Number of protein chains: 4
Amino acid sequence: MLIQLNPTGVLDLLSQLEVDLLEQSSTSERYRLFRNCVLAVLNVGSHTDVSNDIYDKHKDFDIRLVSRERGIKIELENPPQTAFVDGHIVTGIHEHIFSVIRDILFICQKYEKNLQETKAITHMVFDMLRNADALKVNSEPNMIVCWGGHSINEVEYKYTKQVGYELGLRGLNICTGCGPGAMKGPMKGATIGHAKQRITNNRYLGLTEPSIIAAEPPNPIVNELVILPDIEKRLEAFVRTAHAIIIFPGGAGTAEELLYLLGILLHPENDKQCLPVILTGPKHSKAYFEELCKFIQMTLGDAALSKFEVIIDDPQLVSQKLKSAMSGVREYRKSQGDAYYFNWTLKIENDFQQPFYPTHEAMASLDLHLDQPKQQLAANLRRAFSGIVAGNVKEEGLNAIKEHGPYVLSGEPDLMKAMDKLLQAFVEQGRMKLPGSKYIPCYTIKA
Amino acid sequence: MLIQLNPTGVLDLLSQLEVDLLEQSSTSERYRLFRNCVLAVLNVGSHTDVSNDIYDKHKDFDIRLVSRERGIKIELENPPQTAFVDGHIVTGIHEHIFSVIRDILFICQKYEKNLQETKAITHMVFDMLRNADALKVNSEPNMIVCWGGHSINEVEYKYTKQVGYELGLRGLNICTGCGPGAMKGPMKGATIGHAKQRITNNRYLGLTEPSIIAAEPPNPIVNELVILPDIEKRLEAFVRTAHAIIIFPGGAGTAEELLYLLGILLHPENDKQCLPVILTGPKHSKAYFEELCKFIQMTLGDAALSKFEVIIDDPQLVSQKLKSAMSGVREYRKSQGDAYYFNWTLKIENDFQQPFYPTHEAMASLDLHLDQPKQQLAANLRRAFSGIVAGNVKEEGLNAIKEHGPYVLSGEPDLMKAMDKLLQAFVEQGRMKLPGSKYIPCYTIKA
Amino acid sequence: MLIQLNPTGVLDLLSQLEVDLLEQSSTSERYRLFRNCVLAVLNVGSHTDVSNDIYDKHKDFDIRLVSRERGIKIELENPPQTAFVDGHIVTGIHEHIFSVIRDILFICQKYEKNLQETKAITHMVFDMLRNADALKVNSEPNMIVCWGGHSINEVEYKYTKQVGYELGLRGLNICTGCGPGAMKGPMKGATIGHAKQRITNNRYLGLTEPSIIAAEPPNPIVNELVILPDIEKRLEAFVRTAHAIIIFPGGAGTAEELLYLLGILLHPENDKQCLPVILTGPKHSKAYFEELCKFIQMTLGDAALSKFEVIIDDPQLVSQKLKSAMSGVREYRKSQGDAYYFNWTLKIENDFQQPFYPTHEAMASLDLHLDQPKQQLAANLRRAFSGIVAGNVKEEGLNAIKEHGPYVLSGEPDLMKAMDKLLQAFVEQGRMKLPGSKYIPCYTIKA
Amino acid sequence: MLIQLNPTGVLDLLSQLEVDLLEQSSTSERYRLFRNCVLAVLNVGSHTDVSNDIYDKHKDFDIRLVSRERGIKIELENPPQTAFVDGHIVTGIHEHIFSVIRDILFICQKYEKNLQETKAITHMVFDMLRNADALKVNSEPNMIVCWGGHSINEVEYKYTKQVGYELGLRGLNICTGCGPGAMKGPMKGATIGHAKQRITNNRYLGLTEPSIIAAEPPNPIVNELVILPDIEKRLEAFVRTAHAIIIFPGGAGTAEELLYLLGILLHPENDKQCLPVILTGPKHSKAYFEELCKFIQMTLGDAALSKFEVIIDDPQLVSQKLKSAMSGVREYRKSQGDAYYFNWTLKIENDFQQPFYPTHEAMASLDLHLDQPKQQLAANLRRAFSGIVAGNVKEEGLNAIKEHGPYVLSGEPDLMKAMDKLLQAFVEQGRMKLPGSKYIPCYTIKA
């Protein structure tokens, strides 16, 4: 089956020189990246989160940019049918394809080589968001980043929708990692809230990365999609774009996000930052959050606990708190001469910016002891969970596990015990993977 | 509690002369109408559909138009709290208040006296819709009128949402009577479908009337609200605006709508009309529709059955059929030189336009025999069900029942038996009233 | 030649009932009005201002509303070619035709009978402007009414353009009687000024009336055209819409406007009104304004002189003064709780609102003596000049003069002498009629 | 005097890293360029076209980008007052400043080094226009490039306005080099034409270069300003953006443009190109065009004459011809699969793309003989006139002349004689420089 898409958006104005950059060739890594991202975007509603399975299932899928009268067309060969309604591609998905092209072209034309310097990395994150028109100059603080699991149960999912609805009623926007579960619910809820308030410039910002996009394809409600090159840039984009952060129940990825966030907020220079963080879920999630808090307290201490609030089963309260916190965010930014659309003054150490490649060796040599500076410990724990996410759903991780068996994590026995317990809970609650298969851990804990 | 609303929309440009028309005075029937409609609009999410109870509960509610610097303000005294989020009125509801003012002022300035002539009545319906900006000149046929009960069960409600979602994905708009249940579900579903398709000029058209608005308050998603003066004008507005009609399970009101529709479609001059009608519901509604069809067949004959299609448990099929029917509607209108936005050529007899006042006398003297022209029988059956709706939820009807006891309906024994059976089924399935109270029939059937 | 125009604007949504109102029939006065106004609008750029000549020249012109597929079309038979560019009607003129239809339909549906009451007349002026969407709720005071002759010389015309340019640079809008000369120049100038300031919601409001529209056809730059039923409603529309008034050199019509304005501003209740008035022209107009001031002083006294300012040859100063006066206008309106878009609090006596029909009898019996209240004298002088305008260019006046010879004006000798002198000056300066013909006075002065 | 400008447009979203690029420092050539371009833009309406004089006159002018709360502000020290109305900068000029910043930043971030390859140079021109949002994807062919002198007489100026007016009435847009004279007149005229046709997306595209911008500052009507790095890129931008070209009377610059154009159109690969060219002026320009044609015929032959048409004193005919030519342009582009917004298929040899630096040496060694391929001769003649423009008004040229005396041009005697004659005519007709000073030739012709 062959589908042609019209050149809307960024494709309108590509020169042949640029089209050539995305040309297929057996050796082109860039083409593979491009093809896989587009496939992921088309594959929304997928029932598996194993990147490799998706790629395998759609081996006969192909994409080509074709020069046609008055512009470039996209040709899709054998695209997944989930992206189509009666033979027409869903507009939201059509737009996502162009986001993929836009971001890949931008990186390969401007950021081919790896950046090392803190300032340069931050500028790149800014540059990518600006190029994607995701920085809105004249809007007030209203962007709520929602983190949480892609695999959550029905009760939790409904709860994320209710929170989204209440946020939407209060004119707040939603930013997530843009997969299913806790990344989709708040957007759906907010859509109804915004409709009732006649808000038409509503924003559903999705921040993703090539290695996760297949496992967590962006929901078509996402009306601004940005594909950052790796998880570290993506996390930086999240926290610099956020005016507040909600964390719903989730698994290893959510733990990674929370650890990254706390690691940064614990930095002395961020002491006065105004960035409200709320952990919330339905009644039955209470135990989950208690478990998580215990782990945080043991590893990062009480100071870390003071950086967020836990609210159980009260979507309205969560929304009211965040809504009324926005004026504080506004005042803080103003007092610092900082932009509302990008938190320049948030201090992020180079340690949190450098990509972590979860090879077996890198995982094995992570320094997981309690007697190190809290920030450094947070960074290392973040890397550990990041590796587990890769082992669970990312292509590179899956391949590594296939070849070498599970990652081995070792360190201070107490810490390893706590970690094991937390991960065990994630497994038991079905947070590691989408339902439908038995989860085989991609790690072993060695005290 | 006193709330002041800013003068947006129609209020921006009222002259003092016009404001005076809505002024409170103990004797003013117009003021009472105005106040009650605004109260109804504010009372969204109400858990009762007994108009009188609502008015009783909010006796201390009052509304005033106040001249203030640069325009008229609305003052609300003791408004229902459901309309507010953190002290701010929901924008959708704010707009609905202005729709009420717009339509009441329009009628009292231009249509004070009752119209008799068919042509004049149709022009008035057109004029009201035009004044409300509800006639969109440049849009293609895409308005799906959805009828069905305000009191339906959870499975049916979810089904109406799914149908709405599939319609929305196909770029179709929704028009309903704008209360809860089957009038709200399709709009919520369509909102998500429209969001995925990036449709921003989506229309959720609500057509209501002063005597039902309290029992079925418009959902804030309704982004175009028109208050027609009575059920007959409202029904005409529905069928002339519709490009297709879906009928979900419902009670007496839904039966009234179906009978009105069939009465009109059976008119020989409407033989070639292109107005697709689909009755649909989830699996468990199958018996309900079979019952209804039997009643239609017995009363209006096989010809009536040929005017619609029944589809069980297939939201996608319903939407696909209607979507592909739109080109036929377009062609038909074009071939007749008729507008897309208003079905001028649909023949509606004066009999269907004249208001029916369901006094006990009028109800008792309805001619309910099978041996009369089908169209006339449809008109009379329509009136019978209309009276029952009034007796169930409308103020005038409730008062009449309170005073004189249930309506007495009599006629040909076979017909009366069939009617009794149908109504009994409505009662048993909880379709007569919102859950929470035992339903006491407002009628007795005398063969 | 037959031209068909597509149904844009108001015609989109006419019902057959309404189309019938504008149908041709030998006896229909309304049709004649409609036809003549459309002819006038098409005849822009005409080199004569004698209404009758225009009507005579285009006897074979005809207009019909024709029902066509999906709406009403306009058919023009033998329209003047000035309205077309390469066979396509100029869009601005196309819009003006719809303004004509809109306003004539509005009047005949809502204001068929003459209004007597002051309040009702003011409401009607408001209602017509509102219906024409000429009242902008959210804009700040910025509407400068420009009066002045339709027949002015090249130097004066260039001056009006310069003033318009400077007003446009300051974000001010223009309202005129919308013919040639001083009514066109400011708009052309402002167009360039607005372009440089990137102002896109610029307003060029033209207020006209059926009896003058042929002599002074609206320039296509006019982007809001309203046809008021008579000169009295038109003058009221001018002064209630104005945030300031500029008077350029002109003839009898300009004198009428000035006398009307002063008559109103001299009313004690208007003492605190903030409505800046500037008389201005190029160097060579100095004598003209001195003459005019002398006449005003003699008739209405020094108080009248204090109501305006004369500025010679300084477009920038005129504009700066008016621009900085706008905040005063704003404050005044605010302090009175009055709208910015319509000066409700300006007191206009019924005397100034009642139509004056310049029959020979009415003209002869005008009370033109100095010993009457200033306001009353202003009203009578206004009527005298109004009659002369009619005798010069309006159909009814031209016909009356043709039949009965010149009007005879009589009164107090000193006053008549002053009037004669002023009129004589208008004649000599070529302000009575467009150049190209010798002016034969339509009046005689009898002391 | 210190003026602060708010950060609208591109400045909204600059990072500190980018601001640093435009920072003042005694050694920064980029800063000097930036400052001078901004000064030029502010200096609109200047009465001199000697770049050096302008820079000298405004030695105390300075510009700084300052980090302020929520964005970058521009600080102007002692800016020319012509850019301000009552202390507020004209919005059009405000925008031009941002165009300067946008284009300088774009070049220094992406095109620091000189490009050599034909394909790369063309892509850069495309990239700059795209970045300036000057390529409109969905518009039909309608861009008329107007070339002609910055110093023309009143009759010629009025004529360019009339042509612009007629183009505007036909919905055509204007692109010029954006200085005074023939570069301003068509835009002013078109503004009125567009207003009458209610065209609001009208385009007044100005293409300039840093070395000419001071001598020919962009008129504020220009609503899209692009600063190309040199005259060769600018000429390429003109011809690839044009759907047709009008050449009004002008001097050396106009001759340069015509020679460039003919040199390209004479290329065999451009044989089938559809690019209408009309030379036009008022009656009294007839001799001028005859002179020019003689020179073209002598140098480039009859083939060159066939590439354009001369129309004297008929603005309407010029416009009608170009309007009706647009469908041919459309068909041609379509048949080639080429874009409407950028003429990719026009062949431009590298010879015409490489910058020519008019040193005395380069000028002296130009190969000016008739016996060389026409295209090559055109390229060399283009360079000769380009050098004269530089010597007349560009800073580098003026300095060179100051130091070394006039350029010496030599070559085949007949050719040199013809050239001398043509230049002499330009001098006599006052086309070399703005009026107000005696023109001292910057060249001597040596046969």
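Because the structure is a prediction, the values reported are computed rather than measured. (Residues numbered from 1 in each chain as written. Chains lettered and ligands numbered in written order. Predicted model: local features only at pLDDT ≥ 70, side-chain atom pairs only at ≥ 80, totals over all residues.)

### Brief notes about the overall build of chain A
Inference 1: Across its full length, chain A carries 17 helices and 14 strands.
Inference 2: Its C-alpha atoms give chain A a radius of gyration of 21 Å, near enough to 22 Å, the size a compact globule of 447 residues would have.
Inference 3: Seen through its principal axes, chain A has C-alpha atoms that stretch 65 × 50 × 45 Å.
Inference 4: Expressed as a percentage of the 447 residues in chain A, the buried residues total 55%. (Helix = DSSP H or I, 4+ residues; strand = E, 2+ residues; numbered from the N terminus. Rg over C-alpha atoms; globule rule 2.2 N^0.38 Å. Buried ≥ 20, exposed ≤ 12 C-beta atoms within 10 Å, placed from the backbone.)

### Structural notes on the sheet that holds strand E8 (residues 204-208) of chain D
Residue and element names in this part refer to chain D.
Inference 1: Pairing is parallel across the open sheet formed by 7 strands, whose spatial order is E9-E8-E7-E6-E10-E11-E12. Strands with a single pairing partner mark the edges of an open sheet, and in this sheet they are strand E9 (224-227) and strand E12 (309-312). Shown here is a sheet whose adjacent strand axes are inclined to one another by a mean of 25 degrees, direction ignored.
Inference 2: Bridging between E8 and E9 involves 4 bridges; their strand directions are parallel. Bridging from a neighbouring strand, Leu207 pairs with Val226 of E9. (Pairing = 2+ DSSP bridges. Axes fitted to C-alpha atoms, helices over the stretch in contact; angles between N-to-C directions.)

### Some words on the relation of the copies chain D and chain A
Inference 1: Between chain D and chain A, the superposition needs a rotation of 180 degrees and an axial shift of 0.0 Å, giving an RMSD of 0.0 Å. Expressed as a symmetry operation, the mapping of one chain copy onto the other fits a two-fold axis. Among all C-alpha atoms of chain D, that of Lys110 of chain D lies closest to the rotation axis, at 4.2 Å.
Inference 2: A share of 94% of interface residues in chain D that are also interface residues in chain A marks the association as one of identical surfaces. (Least-squares fit on C-alpha atoms with pLDDT ≥ 70 in both. Contact = placed C-beta atoms within 7 Å.)

### Quick look at the environment of Gly328 of chain A
Inference 1: Here Gly328 of chain A lies in helix H12 (residues 315-336).
Inference 2: Taking C-alpha positions, Gly328 of chain A is 9.5 Å from Pro141 of chain A, a pair spaced 187 residues apart along the chain.

### Brief notes about the sheet that holds strand E3 (residues 71-77) of chain D
Residues and elements named next belong to chain D.
Inference 1: Pairing within the open sheet is antiparallel, and its 3 strands lie in the order E1-E3-E2. At either margin of the open sheet sits one strand with a lone partner, and together these are strand E1 (2-5) and strand E2 (62-68). In this sheet, adjacent strand axes meet at a mean angle of 25 degrees when their direction is disregarded.
Inference 2: As paired strands, E2 and E3 are joined by 7 bridges and run antiparallel to one another.

### As for the interface of chain A and chain B
One frequently used descriptor of interface size is the decrease in accessible area upon assembly of the parts.
Inference 1: Contacts between the two partners involve 20 residues from chain A, matched on the other side by 21 residues from chain B.
Inference 2: It is helix H7 (residues 185-196) of chain A that provides the largest number of residues to the side of chain A that touches chain B, a total of 5 residues.
Inference 3: In terms of residue class, the side of chain A that touches chain B is built from 7 nonpolar, 6 polar and 7 charged. (Nonpolar A, V, L, I, M, F, W, Y, C, P; charged D, E, K, R; others polar.)

### Things to note about the interface of chain D and chain A
Inference 1: Contact residues are listed per partner, giving 18 residues for chain D and 18 residues for chain A.
Inference 2: Of all the elements in the fold, those that place two or more residues in the side of chain D that touches chain A are E2 and helix H5 (118-131) of chain D.
Inference 3: Among the elements that take part in the side of chain D that touches chain A, H5 of chain D stands out by supplying 3 residues, more than any other.
Inference 4: Counted by class, the side of chain D that touches chain A contains 7 nonpolar, 5 polar and 6 charged residues.

### As for unusual backbone geometry
Inference 1: Phi is positive for Asp133 of chain A, which is not a glycine, with a value near 60 degrees.
Inference 2: Mapped onto the elements of the fold, Asp133 of chain A is located in the loop between helix H5 (118-131) and strand E6 (143-147).
Inference 3: Since 11 C-beta atoms lie within 10 Å of it, Asp133 of chain A is described here as exposed.
Inference 4: With phi around 55 degrees, Asp313 of chain C is a residue other than glycine that occupies positive phi space.

### Examining helix H15 (residues 374-393) of chain B
Inference 1: Along its 20 residues, H15 of chain B runs 28 Å from first to last C-alpha, staying within 8% of the 28 Å computed at 1.5 Å per residue.
Inference 2: Among the 20 residues in H15 of chain B, 17 count as buried, and that is most of the element. (Expected span 1.5 Å × (residues − 1).)

### Quick word on the domain arrangement of chain A
All names here are of chain A.
Inference 1: Once the domains are mapped, chain A shows domain 1 (2-113), domain 2 (119-263 + 270-336) and domain 3 (358-446).
Inference 2: Inter-centroid distance (C-alpha atoms) of domain 1 to domain 2 is 27 Å.
Inference 3: Tallying the contact residues gives 23 residues for domain 1 and 19 residues for domain 2.
Inference 4: Mapped by element, the contributors of at least two residues to the side of domain 1 that touches domain 2 are helix H2 (29-42), helix H3 (51-57) and helix H4 (91-110).
Inference 5: Looking at the side of domain 1 that touches domain 2, the element that brings in the most residues is H4, giving 9 residues.
Inference 6: Along the lines of polarity and charge, the residues of the side of domain 1 that touches domain 2 split into 13 nonpolar, 7 polar and 3 charged. (Domains from an automatic or database assignment.)

### Describing the arrangement of the chains
Inference 1: Kept free of each other, chain A and chain C leave a smallest C-alpha distance of 19 Å between them.
Inference 2: One finds no contact between chain B and chain D; the C-alpha atoms of the two approach each other to within 20 Å at their closest.

### A closer look at the packing of helix H2 (residues 29-42) of chain D against helix H4 (residues 91-110) of chain D
Residues and elements named next belong to chain D.
Inference 1: Two elements in contact, H2 and H4, have axes separated by 9 Å at closest approach and are oriented at 160 degrees. By the angle between their axes, H2 is roughly antiparallel relative to H4. You can see that H2 and H4 cross each other, and the crossing is right-handed. Here H2 contributes Arg30, Leu33, Phe34, Cys37, Val38, Val41 and Leu42 to the contact with H4, which in turn contributes Ile93, His96, Ile97, Val100, Ile104 and Cys108.
Inference 2: Looking at the contact of H2 with H4, its residues break down into 11 nonpolar, 1 polar and 1 charged. (Parallel < 35°, antiparallel > 145°, perpendicular 65-115°, else oblique. Left-handed = near helix turned anticlockwise from the far one by under 90°.)

### Some remarks on the confidence of the model for chain A
Inference 1: This prediction gives chain A a mean pLDDT of 92; 98% of its residues lie at or above 70.
Inference 2: The ipTM assigned to the predicted complex is 0.93, against a pTM of 0.92. (pLDDT = per-residue confidence, 0-100.)

### Comments concerning helix H7 (residues 185-196) of chain B
Residue and element names in this part refer to chain B.
Inference 1: The end-to-end C-alpha distance of H7 is 17 Å, a good match for the 16 Å that 12 residues give at a rise of 1.5 Å each.
Inference 2: Of all 12 residues that make up H7, 12 are buried, and the element is covered over most of its length.
Inference 3: For H7, the full list of buried residues reads Gly185, Pro186, Met187, Lys188, Gly189, Ala190, Thr191, Ile192, Gly193, His194, Ala195 and Lys196.
Inference 4: Just past H7, the residue Arg198 takes up positive phi, approximately 60 degrees.

### Overview of the environment of Gly189 of chain D
All names here are of chain D.
Inference 1: On the secondary structure map, Gly189 appears in helix H7 (residues 185-196).
Inference 2: Each C-alpha atom of the pair Gly189 and Gly164 lies 4.4 Å from the other, and the pair is 25 residues apart in sequence.
Inference 3: When sequence neighbours within four positions are dropped, the list of residues in contact with Gly189 reads Lys161, Gln162, Val163, Gly164, Tyr165 and Gly168.

### Some thoughts on the packing of helix H5 (residues 118-131) of chain B against helix H8 (residues 231-241) of chain B
Residues and elements named next belong to chain B.
Inference 1: Look at H5 against H8: their axes get within 10 Å of each other, and the N-to-C directions meet at 75 degrees. Regarding the angle of H5 to H8, the classification is roughly perpendicular. For the pair H5 and H8, the contacting residues are Thr122, Val125 and Leu129 in the first and Lys233, Glu236, Ala237, Arg240 and Thr241 in the second.
Inference 2: Considered class by class, the residues forming the contact of H5 with H8 number 3 nonpolar, 2 polar and 3 charged.

### Side note on the environment of Ser99 of chain C
Inference 1: Counting through the fold element by element, Ser99 of chain C comes out in helix H4 (residues 91-110).
Inference 2: Contact partners of Ser99 of chain C, with chain neighbours within four places excluded, come to Ala132, Leu225, Val226 and Ile227 of chain C.

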